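Examining the three-dimensional arrangement
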Amino acid sequence: MQEEQYVIFRFNAEHYGVDILSVQEIIRPPKITKLPNTPPHVLGVINLRGNIIPIVDLKIRFNFEDFQNNKDERIIVLRIDDKLMGIQVDEVQEVLRLKTDQIEQAADICTTIDREFIAGIAKLDDRLIILLSLKGSL
């Protein structure tokens, strides 16, 4: 059975994952420079070793409640379509190997997240993990 690896992170009390092959690195949030006339979910940009990287707050993009920032907050730097972008998350938890039979397609699930961003839902013994597909426009 085929396996894939995902970086698992948390927003509030829910668990999400992104394909590890798209993860460039995970960093503590540096100072973010705000940009004028950007959508509310674009927090701004950072300079990471000479690369200017836009930072997106998925909680705002997906219309989730925002809780207080905490010391475990991280930015996951992703390479998507040969471009770098960062997503701010509450906490990075683990790298998880999932077999294809543990992942259910999300075609029929009602959610506040646009279906285009959901790759599937992983079913584990004690939890569900929403697997995100962040290709395309955020």
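Here the structure is shown first, and the text comes after it.
Let us look at the structure shown here. Just so it is clear, the model here is predicted, and its values are computed rather than measured.

Rules used throughout
Residues numbered from 1 in each chain as written. Predicted model: local features only at pLDDT ≥ 70, side-chain atom pairs only at ≥ 80, totals over all residues. Heavy atoms only, no water. Helix = DSSP H or I, 4+ residues; strand = E, 2+ residues; numbered from the N terminus. Buried < 20%, exposed > 50% of the residue type's maximum accessible area, 1.4 Å probe, protein only. Areas by Shrake-Rupley, 256 points an atom, 1.4 Å probe, with all protein chains shown as cover. Pairing = 2+ DSSP bridges. Axes fitted to C-alpha atoms, helices over the stretch in contact; angles between N-to-C directions. Core = buried A, V, L, I, M, F, W, Y, C linked by side-chain atoms within 4.5 Å. Contact = heavy atoms within 4.5 Å.

1. Section: the overall build of the protein
Along the backbone of the protein there are 1 helix and 11 strands. Each of the 138 residues in the protein was classed as buried or not, and the buried ones make up 42%. With the model as given, the accessible surface of the protein reaches about 8,300 Å², and the carbon-plus-sulfur share is 48%.

2. Focus: the sheet that holds strand β4 (residues 42-48)
Pairing is mixed across the open sheet formed by 5 strands, whose spatial order is β3-β6-β7-β5-β4. Looking at which strands have only one partner, the edges of the open sheet turn out to be β3 (23-27) and β4. On average, adjacent strands in this sheet sit at an angle of 30° to one another, irrespective of strand direction. In terms of strand pairing, β3 meets strand β6 (residues 74-80) through 4 bridges, oriented antiparallel. Residue Glu25 lies in a different strand from β6, and its bridge partner there is Val77.

3. Section: the nonpolar core
With 20 residues, the main nonpolar core has Phe9, Val18, Ile76, Leu78, Ile87 and Leu132 as its most contacted residues. Taken together, the elements giving at least two residues each to this core come down to β1 (3-11), β2 (14-19), β6, β7 (83-89) and β11 (128-132). In this structure Phe9 touches Glu14, His15, Tyr16, Gly17, Val18, Ile76, Ile87, Val89, Glu91, Val92, Gln93 and Leu132, once residues within four positions along its chain are discounted.

4. Re the sheet that holds β11
Within the open sheet, the 6 strands sit side by side as β8-β1-β2-β11-β10-β9. Their pairing is mixed. The two strands at the open ends of the sheet, each matched to only one other strand, are β8 (91-99) and β9 (103-104).

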